[in-house]
Amino acid sequence: MKWDKKESGNFEDRRGMSGGGKALLGGGAIGIIILILNMFGGETGQTIGNILEQTQGSQTQSEQTQTRELSAEEKELGNFSEACFAYNNETWAKIFEENNKQYQEPGMVLFDDGVNTACGSATSASGPFYCPGDKKVYMDLRFFEELKTRFGAEGGDFAIAYVIAHEMGHHLQTLLGTSAKMRQLQQGKSEAEANKLSVCLELQADFYAGVWAHYNKNLLEAGDIEEALSAANAVGDDAIQSKMQGRVNQESFTHGSSEQRMEWFMKGYKTGDIRQGDTFSALLN
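**Q** Looking at this structure, I do not really get the pattern of salt bridges. What am I missing?
**A** Pairing of side chains with opposite charge becomes possible as their charged atoms draw close. Enumeration over the complete set of coordinates arrives at 14 salt bridges. Across the salt bridge formed by Asp 13 and Arg 15, the nearest N and O atoms sit 2.6 Å from each other. Taking the relative accessible area as the measure of exposure, Arg 15 reaches 5% and is therefore buried. The salt bridge involving Arg 142 is made with Asp 140; its shortest N-O contact spans 2.8 Å. For Asp 140, a relative accessible area of 5% gives the class buried. Taken together, the shared-partner salt bridges connect Arg 68, Glu 74, Asp 112, Asp 113, Asp 140 and Arg 142 into one network.

**Q** Whenever I open this one, the nonpolar core confuses me. Can you help?
**A** General note: in soluble globular proteins, nonpolar side chains tend to be found buried as a group. By size, the foremost hydrophobic cluster in this structure holds 55 residues, and its most contacted members are Met 1, Trp 92, Met 139, Phe 158, Trp 212 and Phe 265. Those elements that place two or more of their residues in this core are helix H3 (72-98), strand S4 (107-110), strand S8 (136-139), helix H4 (143-149), helix H5 (157-176), helix H7 (191-215), helix H8 (224-234) and helix H10 (258-271). Among the elements that line this core, the one with the most residues is H5, at 10 residues. Sequence-distant contacts of Phe 158, that is, excluding residues within four places in its chain, are made with Met 1, Trp 212, Ala 213, Leu 220, Asp 224, Ile 225, Glu 227, Ala 228 and Phe 265. With 9 residues, the next largest nonpolar core counts Val 109, Val 115, Ala 118 and Tyr 138 among its residues.

**Q** What exactly am I supposed to notice about unusual backbone geometry here?
**A** Trans peptide bonds make up most of the peptide bonds, and negative phi angles are found at most residues other than glycine. One non-glycine residue with positive phi stands out, namely Asn 100, at about 55 degrees. Residue Asn 100 is classed as exposed on the basis of its relative accessible area of 73%. Not every positive phi belongs to a glycine, and Asp 113 is a case in point at roughly 70 degrees. Within the fold, Asp 113 resides in the loop between S4 and strand S5 (114-117). Note on Asp 113: relative accessible area 48%, which makes it partly exposed.

**Q** Could you clarify how one ought to interpret the packing of aromatic side chains in this entry?
**A** Aromatic ring pairs: the centre-centre distance and the angle between the two ring planes describe each pair. Evaluated as defined, the whole model comprises 10 aromatic pairs. With centroids separated by 5.7 Å and ring planes inclined at 80 degrees, the aromatic side chains of Trp 92 and Tyr 208 adopt a geometry described as edge-to-face. Pair noted here: Trp 92 is in helix H3 and Tyr 208 is in helix H7, with a separation of 116 residues, a long-range link. Aromatic rings pair up to connect Trp 92, Phe 207, Tyr 208 and Trp 264 into one cluster. Of note, Lys 217 hangs over the ring of Tyr 269, and the distance from its end group to the ring centre comes to 5.2 Å.

Conventions used here
Residues numbered from 1 in each chain as written. Predicted model: local features only at pLDDT ≥ 70, side-chain atom pairs only at ≥ 80, totals over all residues. Heavy atoms only, no water. Salt bridge = Lys/Arg side-chain N within 4 Å of Asp/Glu carboxyl O. Buried < 20%, exposed > 50% of the residue type's maximum accessible area, 1.4 Å probe, protein only. Core = buried A, V, L, I, M, F, W, Y, C linked by side-chain atoms within 4.5 Å. Helix = DSSP H or I, 4+ residues; strand = E, 2+ residues; numbered from the N terminus. Contact = heavy atoms within 4.5 Å. Phe/Tyr/Trp six-rings, centres within 6.5 Å; stacked < 30°, edge-to-face > 60°. Lys NZ or Arg CZ within 6 Å of the ring centre and 35° of its normal.

Don't take any of this as a statement about function, it's just geometry.
Written as structure tokens, this is what we have:
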């Protein structure tokens, strides 16, 4: 991906800092399981998200102190992430204005190991996630090494760009009221039915990521879209369940199959039309 260094007042790099927050569910084997279940944590994830939601507003402040110097590679990845974040904000501000809607820029935080949020404390085991309580995207960039080594994604910078755009999609859903409506619809539903609604929300975030890529074709290089599709394929619910359990249970899907995630990303990329992203009508009717 072609990019220039861009700065945002709403971007924080807390890597190399202590006081990031205690682990909500711990690391080790449990952490790995959570990571698997919450690939792209979505709007505070699904499993971990339910716990985070219960602790809404319980953020505890701790003093941040520098404990290590970031490597040159880490600094470059941080600059790239900030540029992607800025490109997303520029794109969505323009699209919202064209549709007579008010865009509110979110925040983005890079962290190591653990972090305190308005949705509670979380660890890197939750994967990248968006917290509606403080309207911030949270990412431990080491997630992408896991994505590549454990789950067979190609890697590459546009895999990172895709995940950032996906999490930004959850911010759009918060601004547009989609997330609140989905949570309301989930009330009183069986677990399987509630999961279907979650899948719709996640696939719409993939669609929005594709729309962002459509509007930024001038930044794309050969192989970028393939990197995004490889990441989407690797984190499909069926791919993860098959790899980790040896079987697939569609009723337990919360993010969508590999095919669905790639399909909705490509629909957004090809059309660039946010009006075509109604995954709820497409999948539930």
